[in-house]
Every structure is written in C-alpha cells, then in structure tokens.
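Architecture at a glance
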Amino acid sequence: MDFSIPDDLQQLRDAVRDFVLKEVIPLENQIEAEDRVPGALLEKMQEMGLFGVTIPAEYGGLGIGPFGYTLISEEIGKAHGAIRALIGISNGIGSKALVKYGTEQQKQHYLPKMASGGFITSFAISEPGAGSDVAAIKTLAVRDGEHYVLNGNKHFITNAPYADVITVVAVTSKESRTSERMSVFLVEPDAPGFSLGRTQETMGGKGYGRCEINFEDCRIPAANLLGDEGRGFQVAMSCLEEGRISYAAACTGLAQRLLEMSTDYARQRVQFGRPIAEFQAIQFMLAEMATSIYAARMMTRHAAWKCERQVKCAQEASMAKLFASETAGQVADSAVQIHGAMGYARDYAVERLYREARLFRIAEGTSEIQKIVIAKNVLQEE
Ligand SMILES: Cc1cc2nc3c(=O)[nH]c(=O)nc-3n(C[C@H](O)[C@H](O)[C@H](O)COP(=O)(O)OP(=O)(O)OC[C@H]3O[C@@H](n4cnc5c(N)ncnc54)[C@H](O)[C@@H]3O)c2cc1C
C-alpha cells in the first residue's frame with residue numbers, strides 16, 4: 001500500500017481545505033438562516049471544478065480517481081451539509097452511473113454540464129415502500145415505441161427540488177428475478193408527467209432540498225435508458241458501493257472538524273481554575289475521538305486504494321462506511337459533552353454538526369445494511 005499524495009493532488013486538497021475554512025464556514029449561519037447556498041459560493045465551487053472532481057477530463061472534469069477523491073471528500077465533509085450534498089452527489093451517485101455505463105452520446109450531452117456545475121444532479125431509488133430493501137421498488141417503466149412510460153413515487157430525493165437531471169431506478173420487468181428486474185433512466189424534470197411532491201423537512205439538512213417525486217404516465221425518450229435494460233440493480237449497486245468510500249471520507253472530515261473544535265474549546269474553557277483540557281476525563285475523550293478518526297481515515301483510504309486499482313473492494317467499502325459513520329456519531333456526541341451547555345446551544349456549530357452526523361448512519365445504506373453485506377462476505381470466506 002502506498003498512500004503518498006502526489007503534489008498536484010496535495011495542492012488541490014489544500015485549496016479545498018482553505019476554501020472550506022475561510023469561505024464556507026464563515027457563511028454557515030447564513031446558509032442556515034436563508035436555507036440556501038449563497039450564489040457567490042456556488043460560483044467559487046464551479047471555478048474550482050468541485051462539481052466535476054471525479055468526472056473524466058475528456059468530459060470537462062478533473063478526472064481524479066477514488067483515492068484522490070477521498071482526500072477532497074474529507075475536506076468537503078468539514079463544510080456545511082448543503083455543500084457536501086451538492087458536491088458529493090455531483091461526483092458520486094448523480095454522475096457515476098453515467099460515467100460507468102452511459103453511451104458516448106449520453107456522456108457528451110450530460111457530463112460537461114455536470115462537471116461545470118451548470119447541471120445539478122440527483123439520484124432516485126428510495127420509495128415509501130422500499131428503503132433498505134431496494135428490490136422492493138415499484139416505480140414501473142414500460143417501453144412504448146421510442147419512449148418509456150414511468151409510473152410511481154420516490155421520496156427523500158436529495159437535490160430533486162432543483163435538479164436538472166435525475167438518475168432514476170425503475171422496474172422494467174415485474175416477473176424477472178431481482179438481478180434482471182430493474183433499469184436505470186436519466187429523467188429531466190420537464191418530462192411530461194413528472195412532478196415534484198412534498199418537501200421533506202428533516203432533523204438537519206438546511207440549505208439543500210429533498211422531496212418526493214412523482215411519475216404519472218411520465219414519458220421519457222428510450223435513449224435515456226442508462227446501461228442495458230434489466231441491468232439496473234447491478235448499475236445502482238456498483239454506484240452505491242463506490243459511493244460508500246467517499247461517504248466514509250466525508251464522515252471522517254466532519255469528525256475531524258469536531259475534534260479540532262473540541263480541542264480548541266478544551267484548551268480555553270477554564271473550570272476549577274484550570275483549562276478543562278487538563279482533566280483526564282476530557283483527555284480520554286479527545287484520545288478516543290482521535291484514534292477512531294485515524295482508523296476511519298485509514299480504512300477509507302485503503303478501500304479507495306483498492307478501488308483505484310480496480311480490485312474488488314465491496315467489503316472494505318462497507319466496512320469503511322459503517323465505521324466512519326459510527327465514528328462521526330460518537331465523535332459528535334463527545335464533542336457536545338466536551339462543550340457542555342455550549343455544545344447543546346443553537347448558537348454554536350457543534351449542535352448542528354451533531355444533528356448532521358446523525359444522517360450518516362442512515363443514508364446511502366444504513367449501518368445495519370452495511371453489517372449484512374460484511375457478514376455475508378465473512379460467511380462466504382473459507
Ligand atoms: C436526508 C436524507 C436524504 C436522502 N437522500 C436520498 C437520495 O438522494 N436518494 C435516495 O434514493 N434516497 C435517499 N434517502 C433515503 C435513504 O437512502 C434511506 O432512508 C435509507 O436507504 C434507509 O431506508 P429507510 O429510511 O426506508 O429505512 P428502512 O429500510 O425502513 O429501515 C428502518 C430500520 O430497519 C433496519 N433494517 C431494514 N432492513 C433490515 C434488515 N434486513 N436487517 C436488519 N435491520 C434492517 C434499518 O437499518 C433501519 O434501522 C435519503 C434519506 C435521508 C434521511
């Protein structure tokens with residue numbers, strides 16, 4: 001294993017770190033209050049190429065592989081959740097299926113717009129009756145000449161309220177077994193029969209939107225099928241698998257930010273005539289936070305290193321996602337404890353980051369689902 005970072009990647013990582021620290025974090029309260037990302041920040045993210053970090057260079061992206069992307073994703077993980085959602089989805093599940101399985105024509109049409117940030121992306125698989133159990137999705141796509149006609153509902157679709165293109169997983173053959181039942185489509189919101197449903201308010205997640213989406217005899221061109229008909233389950237799973245690694249990196253970034261905030265606070269908060277950092281109880285919390293973060297980072301980089309070499313890494317990706325998301329939760333909890341009442345107060349970022357961290361164990365495959373994947377692999381090993 002070689003985790004050394006090439007100079008150009010190091011420069012980009014440092015630039016993203018600086019951007020988050022100096023330009024995003026100072027505007028976090030504004031993002032919360034206005035429930036939107038300021039235009040100037042979006043423009044800066046576009047200028048830096050952040051929407052297309054993983055998109056191949058021939059389509060206008062930076063063409064950075066899985067290992068390099070974990071470094072960027074860790075820095076983005078320190079930013080407000082709205083930034084993470086925009087950048088994470090554009091570089092992950094919003095574009096991944098297209099990069100891996102799109103036709104040349106589809107790639108030429110969509111990828112440059114996604115890479116520039118001109119097109120906001122979204123990925124729709126979850127339905128009211130199908131969350132962890134992806135095989136239970138019911139949204140149906142029926143071929144009708146040169147079109148497919150979609151009927152069904154999705155929910156909790158991040159970025160959907162303003163997405164320019166949504167990668168949608170739907171059933172194309174009800175009778176087939178799971179591995180051949182679904183297909184993936186690119187749907188633009190101006191398609192007839194497409195509509196946005198209820199906005200879904202959540203515990204965290206100000207500054208970016210998620211909502212239900214509805215398909216009522218929604219007609220899309222047959223050319224918008226992504227990959228072969230009936231291969232949708234594999235397409236979706238392979239995108240989600242790779243996405244777990246960058247998701248784990250973002251969890252690590254958020255945890256690192258909380259550790260730094262907690263360390264600073266412990267140094268300056270005085271009780272019983274001494275900084276609380278001098279109490280062993282606080283030191284032990286900081287030590288446990290730092291150790292878990294280090295382990296999460298190494299697991300994530302190892303999974304990414306394997307993925308970059310196209311070595312099978314489903315097991316490591318699930319382990320990294322499980323461990324890093326649980327770490328973010330535990331670190332957030334300790335951060336609140338170290339900050340005392342200030343950790344519970346709305347006017348301090350720790351309280352919001354604690355709520356944001358809670359999502360990580362649910363989205364993109366819950367902790368329980370990661371454990372099911374891991375245990376299955378363990379039991380299959382000799
Ligand atoms: C803020 C937010 C944004 C989201 N964005 C998107 C998005 O952009 N696109 C999208 O498609 N979806 C999105 N989702 C949905 C997300 O992917 C699902 O919430 C997630 O997959 C879990 O599904 P569920 O909520 O239906 O929980 P369920 O599947 O109903 O699970 C409920 C509980 O049961 C457990 N459980 C389920 N099955 C088993 C089992 N076999 N063994 C043991 N335990 C089990 C789960 O781990 C969980 O603890 C988002 C969700 C949120 C909250």
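Residues numbered from 1 in each chain as written. Predicted model: local features only at pLDDT ≥ 70, side-chain atom pairs only at ≥ 80, totals over all residues.

**What about the overall build of the protein chain?**
Using the following cut-off: Strands are runs of DSSP state E lasting at least 2 residues, helices are runs of H or I lasting at least 4, and numbering of each runs from the N terminus. Just to be clear, the radius of gyration here is over C-alpha atoms, and the globule rule we use is 2.2 Å times residues to the power 0.38. Every C-beta atom is placed from the backbone, and the number of other C-beta atoms within 10 Å of a residue's own sets its class: buried at 20 or more, exposed at 12 or fewer, partly exposed in between. What counts as a contact here is a pair of residues whose C-beta atoms, placed from the backbone, lie within 7 Å.
Helix and strand content of the protein chain: 14 helices and 10 strands. Scaling as 2.2 N^0.38, a compact globule of 382 residues should have a C-alpha radius of gyration of about 21 Å, and the protein chain matches this with 21 Å. Each of the three principal axes of the protein chain carries a C-alpha extent, and together these read 80 × 55 × 40 Å. A buried classification covers 47% of the 382 residues belonging to the protein chain. Considering only contacts within the protein chain whose residues lie at least 6 apart along the sequence, 74% involve residues at least 24 apart.

**So, the site of the ligand**
Inclusion rule: Here, nearness means that the C-beta atom of a residue, built from backbone geometry, sits within 6 Å of the molecule or strand in question. When residues are sorted by character, Ala, Val, Leu, Ile, Met, Phe, Trp, Tyr, Cys and Pro go into the nonpolar class, Asp, Glu, Lys and Arg into the charged class, and all the rest, Gly among them, into the polar class. Where each domain starts and ends comes from a domain assignment, either automatic or drawn from a database.
Around the ligand there are 19 residues in total, and Ser 126, Gly 131, Ser 132, Thr 366 and Glu 368 lie nearest to it. Only strand 1 (121-124), strand 3 (147-158) and helix 14 (367-380) provide two or more residues apiece to the shell around the ligand. When the residues that make up the shell around the ligand are grouped by side-chain class, the tally is 10 nonpolar, seven polar and two charged. In this structure, the shell around the ligand is formed jointly by two domains, domain 2 (121-230) and domain 3 (234-380), each of which donates at least three residues.

**Observations regarding the packing of helix 10 (residues 280-308) against helix 11 (residues 314-339)**
Just so we agree on the cut-off: Note on geometry: axes are lines fitted to C-alpha atoms, helical ones only across the stretch in contact, with angles between N-to-C directions running from 0 to 180 degrees. Convention used here: angles under 35 degrees read as roughly parallel, angles over 145 as roughly antiparallel, angles from 65 to 115 as roughly perpendicular, and any remaining angle as oblique. By convention, the crossing between two helices is left-handed when the near helix turns anticlockwise from the far helix through less than a right angle, and right-handed when the turn is clockwise.
In the contact formed by helix 10 and helix 11, the axes pass within 9 Å of each other and the chain directions differ by 160 degrees. In terms of orientation, helix 10 lies roughly antiparallel with respect to helix 11. In the crossing of helix 10 with helix 11, the sense of the turn from one axis to the other is left-handed. Residues Ile 282, Met 285, Met 289, Ser 292, Ile 293, Ala 295, Ala 296, Met 299, Thr 300, His 302, Ala 303 and Lys 306 of helix 10 lie in contact with helix 11, whose contacting residues are Glu 316, Ala 317, Met 319, Ala 320, Phe 323, Ala 324, Thr 327, Gln 330, Val 331, Ser 334, Gln 337 and Ile 338. Grouping the amino acids of the contact of helix 10 with helix 11 by side-chain chemistry returns 15 nonpolar, seven polar and two charged.

**What about the domain arrangement of the protein chain?**
Here the protein chain is described as being made up of domain 1 (7-116), domain 2 (121-230) and domain 3 (234-380). Each of domain 1 and domain 3 was reduced to a C-alpha centroid, and the two centroids are 21 Å apart. Contacts between domain 1 and domain 3 engage 21 residues on the former and 24 residues on the latter. Looking at the side of domain 1 that touches domain 3, the elements that each hand over two or more residues are helix 4 (66-77), helix 5 (81-91) and helix 6 (96-101). At nine residues, the largest contribution of residues to the side of domain 1 that touches domain 3 is made by helix 4. For the side of domain 1 that touches domain 3, the per-class residue count stands at seven nonpolar, seven polar and seven charged.

**Things to note about the environment of Ala 79**
Following the sequence through the fold, Ala 79 ends up in the loop between helix 4 and helix 5. Judged by the 27 C-beta atoms lying within 10 Å of it, Ala 79 is buried. Considered as a pair, Ala 79 and Arg 267 are 188 residues apart in the sequence and their alpha carbons are 23 Å apart. In this structure, Ala 79 is in contact with Val 20, Val 24 and Arg 84, ignoring residues within four places of it in sequence.

**Observations concerning the pairing of strand 2 (residues 140-144)**
Under the convention used in this document: If DSSP finds at least two bridges between two strands, the strands pair.
Two elements, strand 2 and strand 3, share five bridges in a ladder whose sense is antiparallel. Paired with Ala 141 across the strands is Leu 150, a residue of strand 3. In this structure, the hairpin formed by strand 2 and strand 3 is closed by a connection of two residues, where Gly 145 is found at a positive phi of approximately 60 degrees.

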